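Secondary and tertiary structure notes
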Amino acid sequence: MKFFYLSSKPNKVGHFEIHDKECELIPDSLERDYLGPFNNGREALRKAQLMKSNAVCCENCCLTNSQTVFITAKSEEAQ
Ligand SMILES: [Zn+2]
């Protein structure tokens, strides 16, 4: 489990980035909202998109190693 935050300020292209607590790119405490604890960035993204429809995962902290695990679990379920 990691703790995730959603930026309350859009980035350069107008998206709101999700970061885990340890990310070096996380915004200042006044410029982020607490999302909660999640297993990975994809779960955090689902919650964040309910709050801001153009929320995205931070490339530095959220996108690493979550994708392959997610796809593997999905294809096993389908059978
Ligand atoms: Zn980040």
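Further up the page is the structure itself.
Presented here is a report on the structure given in the accompanying data block. This is a predicted model, so every value here is computed, not measured.

A short note on the environment of Glu 24
With respect to the secondary-structure elements, Glu 24 resides in the loop between β2 (16-20) and β3 (32-38). Measuring from C-alpha to C-alpha, the distance between Glu 24 and Cys 61 comes to 8.5 Å, with 37 residues separating the pair along the chain.

Some thoughts on the sheet that holds β2
Here we have four strands laid out as an open sheet, ordered β3-β1-β2-β4, and mixed in their pairing. Two strands in the sheet have a free side with no partner beyond their single neighbour: β3 and β4 (55-57). Pairwise comparison of adjacent strand axes, ignoring direction, gives a mean angle of 30° for this sheet. Pairing between strand β1 (residues 2-7) and β2: three bridges, direction antiparallel. Bridge assignment links Tyr 5 to a residue of β2, and that residue is His 19. Where helix α1 (residues 41-51) meets the sheet, its contacts fall on β1, β2, β3 and β4, and the angle it forms with β3 comes to roughly 135°.

Here we look at the pairing of β2
By the criterion of burial, β2 is predominantly enclosed, with five of the five residues buried. Here β2 shows no split at all, with Phe 16, Ile 18 and Asp 20 on one side and Glu 17 and His 19 on the other all buried. With three bridges connecting them, β2 and β4 associate as parallel partners. If you follow Glu 17 over to β4, its bridge partner there is Val 56.

Brief notes about the environment of Tyr 5
Within the element layout of this structure, Tyr 5 appears in strand β1. Each C-alpha atom of the pair Tyr 5 and Cys 23 lies 9.9 Å from the other, and the pair is 18 residues apart in sequence. Non-local contacts of Tyr 5, meaning those with residues more than four positions away in its chain, are made with His 19, Lys 21, Ile 26, Arg 32, Asp 33, Tyr 34 and Leu 35.

Thresholds applied
- Residues numbered from 1 in each chain as written.
- Predicted model: local features only at pLDDT ≥ 70, side-chain atom pairs only at ≥ 80, totals over all residues.
- Helix = DSSP H or I, 4+ residues; strand = E, 2+ residues; numbered from the N terminus.
- Pairing = 2+ DSSP bridges.
- Axes fitted to C-alpha atoms, helices over the stretch in contact; angles between N-to-C directions.
- Contact = placed C-beta atoms within 7 Å.
- Buried ≥ 20, exposed ≤ 12 C-beta atoms within 10 Å, placed from the backbone.

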